[in-house]
Amino acid sequence: MFIAFEGLDGSGSSTQTRMLVERLERTNHPALLTAEPTSHPTGRMIRDILQHKFEVAPETLQLLYTADRAEHLRLDILPAQKEGKTVVTSRYLFSTIAFGSYGVPDIEWLKQLNRLYPLPDLTFLFKLDPEECMRRIQVRGEALELFEKAEKLRAIWKTYEILAQQYPNFHVIDASKSIDEIADMIWGIVEKKLD
Ligand code: ADP
Ligand code: MG
């Protein structure tokens, strides 16, 4: 099984990927916890750009995310699946489409770039107000910057919600609930899909 977690930064998705993998392993389901961008050379390039070490066009950044995904599949996801593991990834191709659409408004182009890649069997989309996301990651800044940031996150969220309608096997998770409540909700859905 292949499970992806998606959402805005600070929505709590990484916390839940860890909890799900722990629970899978405790119940004797070998699992791989993984994430994008990867730690492979393609992923390191993306991190360098995000840390402003060099600048690229928005299209370049999305092409890099998409290239990094090919390496993620080749080096991590597909080998783990071959070994019979459940793969749990923090971010996958819906991140490219939702976040990418902010800098590259042609969503069809972003979708086409990713059309060769397998879709997850389950995608958990974490729904949380952008302001609350920012509070959780303790972003500090001027009022205007905060406002602009929230506007940007709202636009990204809107694309995520459209994707949740267009693609199969999406579960929108109310991420304002407690960590344990969310973990139980997710486990309820995953457990039904395990054999
Ligand atoms: P993401 O990976 O989506 O950016 P994280 O899992 O790293 O989010 O969580 C961001 C912060 O929010 C962390 O400090 C985490 O402990 C906290 N957090 C995660 N889930 C919850 C929750 N359900 N309620 C309150 N705080 C949470
Ligand atoms: Mg995270």
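Preceding this paragraph is the structure being described.
Everything in this summary refers to the structure shown in the same document. (Residues numbered from 1 in each chain as written. Chains lettered and ligands numbered in written order. Predicted model: local features only at pLDDT ≥ 70, side-chain atom pairs only at ≥ 80, totals over all residues. Heavy atoms only, no water.)

Digging into the packing of aromatic side chains
As a reminder of what qualifies: Two aromatic rings, drawn from Phe, Tyr or Trp (for Trp, its six-membered ring), form a pair once their centres lie within 6.5 Å of each other, and the interplanar angle then sorts them: stacked below 30 degrees, edge-to-face above 60, tilted otherwise. Runs of E in the DSSP output that reach at least two residues are strands. Runs of H or I that reach at least four are helices, and both are numbered from the N terminus. Exposure categories follow from relative accessible area, calculated using a 1.4 Å probe and restricted to protein chains: below 20% of the type maximum is buried, above 50% is exposed, and the middle band is partly exposed.
With the rule as written, the count across this model stands at seven aromatic pairs. Taken together, a centroid distance of 5.3 Å and an interplanar angle of 50° make the contact between Phe 5 and Phe 124 tilted. A residue pair is termed long-range when its members are at least 10 positions apart, and Phe 5 in strand β1 (residues 2–7) and Phe 124 in strand β4 (residues 122–127) qualify at 119 residues. In this pair, the class of Phe 5 matches that of Phe 124, namely buried.

Concerning the sheet that holds strand β3 (residues 86–90)
Selection criterion: By the convention used here, strands pair only if DSSP detects at least 2 bridges between them. Fitted lines through C-alpha atoms serve as axes, helices being fitted only where they are in contact, and the angles separating the N-to-C directions of these axes extend from 0 to 180 degrees. The contact rule is simple, with two residues in contact once any of their heavy atoms fall within 4.5 Å.
With parallel pairing, five strands are arranged side by side in an open sheet as β2-β3-β1-β4-β5. With one partner strand each, in any of the chains shown, β2 (31–35) and β5 (170–174) form the two edges of the open sheet. Mean inter-strand twist for the sheet, computed between neighbouring axes without regard to direction, equals 20°. The sheet contact formed by β1 and β3 spans four bridges and is parallel. In the sheet register, Phe 5 faces β3, and the bridge partner there is Ser 90. Running at roughly 165° to β3, helix α1 (residues 13–26) makes contact with β1, β2, β3 and β4 of the sheet. Where helix α8 (residues 179–193) meets the sheet, its contacts fall on β1, β4 and β5, and the angle it forms with β4 comes to roughly 165°.

Brief notes about the site of ligand 1
We apply this condition: Throughout, the term near means that a residue has one or more heavy atoms lying within 4 Å of the molecule or strand in question. Any N or O atom pair separated by 3.5 Å or less is treated as a polar contact, with the protein-specific requirement of one donor-capable and one acceptor-capable atom, and with residues adjacent in sequence counted only for side-chain atom pairs. Here the Shrake-Rupley method, with its probe set to 1.4 Å, supplies the accessible areas, and only the displayed protein chains count as covering residues. When residues are grouped by polarity, Ala, Val, Leu, Ile, Met, Phe, Trp, Tyr, Cys and Pro land in nonpolar, Asp, Glu, Lys and Arg in charged, and all others, Gly among them, in polar.
Inspection of the region around ligand 1 gives 14 residues, with Gly 10, Ser 13, Ser 14, Thr 15 and Lys 177 positioned closest. Contact between ligand 1 and Arg 136: a nitrogen atom at 3.2 Å from a side-chain N or O atom of the residue. In this structure, Lys 177 approaches ligand 1 through a main-chain N or O atom, which is 2.9 Å from a nitrogen atom. Alone, ligand 1 offers 560 Å² of accessible surface; in the complex the protein occludes 67% of this. Where the shell around ligand 1 is concerned, the elements lending two or more residues are α1 and α8. With three residues, α1 is the largest single contributor of residues to the shell around ligand 1. Looking at side-chain class alone, the shell around ligand 1 contains four nonpolar, seven polar and three charged residues.

Points about helix α3 (residues 58–82)
Rules: To estimate how far a helix should extend, the number of its residues minus one is multiplied by 1.5 Å. Here the bend at a residue is taken as the angle between two axes, fitted respectively to the seven residues that end there and the seven that start there.
With 25 residues, α3 extends 34 Å from end C-alpha to end C-alpha; this agrees with the ideal 36 Å at 1.5 Å per step. Of all the bends found along α3, the most pronounced is centred on Leu 73 and spans about 45°. Leu 61, Gln 62, Leu 64, Tyr 65, Thr 66, Asp 68, Arg 69, His 72, Leu 73, Ile 77 and Ala 80 are the residues of α3 that are buried. For α3, the elements touching its buried residues are β1, β2, α2 (41–50), β3, α4 (93–103) and α5 (107–113). In the stretch just after α3, Gly 84 is the one whose phi turns positive, near 85°.

What about unusual backbone geometry?
The linkage connecting Glu 36 with the following residue, Pro 37, adopts the cis geometry, with an omega of -5°. Residue placement: Pro 37 occurs in the loop between β2 and α2. At His 52, a residue that is not glycine, the phi angle is positive and equals roughly 60°. The topology assignment puts His 52 in the loop between α2 and α3. Take His 52: its relative accessible area is 73%, and that puts it in the exposed class. A positive phi angle, close to 65°, is found at Asn 169, a residue other than glycine.

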